[in-house]
Amino acid sequence: MPSKNADAPPPLPEPLRVAVADSHTHLDMQSGTVEEGLAKAAAVGVTTVVQVGCDVRGSRWAADTAAAHDSVHAAVALHPNEAPRIVLGDPDGWSRQGAREPGGDAALDEALAEIDRLAALPHVLGVGETGLDHFRTGPEGMAAQERSFRAHIEMAKRHGKALVIHDREAHDDVLRVLKEEGAPERTVFHCYSGDAEMARICAERGYFMSFAGNVTFKNAQGLRDALAVAPLELVLVETDAPFLTPAPYRGRPNAPYLVPVTLRAMAEVRGIDEDAMATAIAANTARAFAY
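Report on the accompanying structure. Model, not experiment: these values are computed from the prediction. (Residues numbered from 1 in each chain as written. Predicted model: local features only at pLDDT ≥ 70, side-chain atom pairs only at ≥ 80, totals over all residues. Heavy atoms only, no water.)

**Comments concerning the overall build of the protein**
Check the secondary structure of the protein and you find ten helices and eight strands. Its C-alpha atoms give the protein a radius of gyration of 18 Å, within 12% of the compact-globule value 19 Å for 291 residues. The principal-axis extents of the C-alpha atoms in the protein amount to approximately 50 × 45 × 40 Å. Burial status across the protein gives 54% buried among its 291 residues. When contacts within the protein are restricted to residue pairs at least 6 apart in sequence, long-range pairs at least 24 apart make up 72% of them. Counting only carbon and sulfur atoms, one obtains 53% of the accessible surface of the protein, whose full area is about 12200 Å². (Helix = DSSP H or I, 4+ residues; strand = E, 2+ residues; numbered from the N terminus. Rg over C-alpha atoms; globule rule 2.2 N^0.38 Å. Buried < 20%, exposed > 50% of the residue type's maximum accessible area, 1.4 Å probe, protein only. Contact = heavy atoms within 4.5 Å. Areas by Shrake-Rupley, 256 points an atom, 1.4 Å probe, with all protein chains shown as cover.)

This is the structure:
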């Protein structure tokens, strides 16, 4: 039987001694107010968060929230699964907008124009999460997804912002498109999901790799192997909250205050103490997002 506390938020971890940033979170999908979430995070040494948009509405919200809070930076984008929904429609209403009619390429252009407008704002430091997702989007949606990805790469370069990548079961294609377009100066693989070999390619190209709570999962040895070979100066930490809650709280709601749990597991993989890990991650995140 599932335990009674399956939906209960995990307890606050021991605070970090060196403050860090959650490089990727979705405060708009978490329970409680933004202020409560930020206060809980700050109480354990997570003093900065990057709030990430996945659609036009969420990206506007991210920009507004970053404008209102010094400790919040925004990234704006159409998620890889959002682009095909705009073009082809979403009859099942899987996304937060519910069922949608097909809008075609014109609707995608309109949505991209709004993301471009938001990307120019000074408190928006990233363009993302964008990329490719071969897990949730079938072959019919690939063209829209890739067109959207290329448009986001161009925007990130033109505005001088970090590019935040969602790569799900699409490693080769993501790396190919980045090479064809020319990656922005600062590129972050959010919720890094590649193996050690891909980590070496990312390292050669200077891409940041952000690790989430799934690096703590029993079956994630491949991720730990990747973390072990990634150059320390290219490693970030994130929650992707409310998803990917680190062990031992897997399945319960995630939030930025749980970063210390993942960071400590990462320090163990690297064989360094948590202060050294936190110091590196704090500097890396500031460099990745230029704050």
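**Section: the pairing of strand β5 (residues 162-168)**
Of all seven residues in β5, six are buried, a share of seventy percent or more. The sheet contact formed by strand β4 (residues 124-133) and β5 spans six bridges and is parallel. In the strand pairing of β5, valine 127 is matched with leucine 163. As paired elements, β5 and strand β6 (residues 187-189) share three bridges and run parallel to each other. (Pairing = 2+ DSSP bridges.)

**Quick look at the nonpolar core**
Core analysis: the biggest nonpolar cluster contains 82 residues, and Phe149, Leu178, Phe189, Tyr192, Met266 and Phe289 have the highest contact counts within it. Not counting residues within four places of it along the chain, the set of residues in contact with tyrosine 192 comprises Met198, Ala199, Cys202, Met209, Ser210, Phe211, Leu223 and Ala226. (Core = buried A, V, L, I, M, F, W, Y, C linked by side-chain atoms within 4.5 Å.)

**Structural notes on the sheet that holds strand β8 (residues 235-237)**
What the eight strands build is an open sheet, ordered β1-β2-β3-β4-β5-β6-β7-β8; its pairing is parallel. What marks the edges here is a single partner per strand, and that holds for β1 (20-25) and β8. Here the average twist between neighbouring strands, direction ignored, is 30 degrees. Sitting on the sheet, helix α2 (residues 56-68) touches β2 (46-52), β3 (72-76) and β4, and the angle it makes with β3 is about 160 degrees. (Axes fitted to C-alpha atoms, helices over the stretch in contact; angles between N-to-C directions.)

**Digging into the side chain of threonine 130**
Here threonine 130 shows up in strand β4. Taking the relative accessible area as the measure of exposure, threonine 130 reaches 1% and is therefore buried. Ignoring anything within four residues of it in the chain, the contact list for threonine 130 reads Ala77, Leu78, Pro80, Ser148, Phe149, His152, Leu163, Val164, Ile165 and His166.

**What about helix α6 (residues 171-181)?**
What α6 keeps buried is the set Val174, Leu175, Val177 and Leu178. In an axial view of α6, the angular spread of the buried residues amounts to 160 degrees, which keeps them on one side of the axis. When the buried face of α6 is taken as reference, the exposed residues oriented beyond 90 degrees from it are Asp172 and Lys179. Packing partners of the buried residues in α6 comprise β4, α5 (142-159), β5, β6 and α7 (196-205). The positive-phi residue at the C-terminal boundary of α6 is glycine 182, with phi of around 85 degrees. (Arc of directions from axis to C-beta.)

**Focus: the packing of helix α4 (residues 104-119) against α5**
Here α4 crosses α5 at 25 degrees, and the two axes come no closer than 11 Å. Relative to α5, the element α4 lies roughly parallel. Crossing geometry of α4 relative to α5 is assigned as right-handed. For the pair α4 and α5, contact is made by Asp105, Leu108, Asp109, Leu112, Ile115, Asp116 and Ala119 and by Ala144, Arg147, Ser148, Ala151, His152, Met155, Arg158 and His159, respectively. Tallied by class, residues from the contact of α4 with α5 come to seven nonpolar, three polar and five charged. (Parallel < 35°, antiparallel > 145°, perpendicular 65-115°, else oblique. Left-handed = near helix turned anticlockwise from the far one by under 90°. Nonpolar A, V, L, I, M, F, W, Y, C, P; charged D, E, K, R; others polar.)

Worth remembering: the numbers are spatial, not functional.
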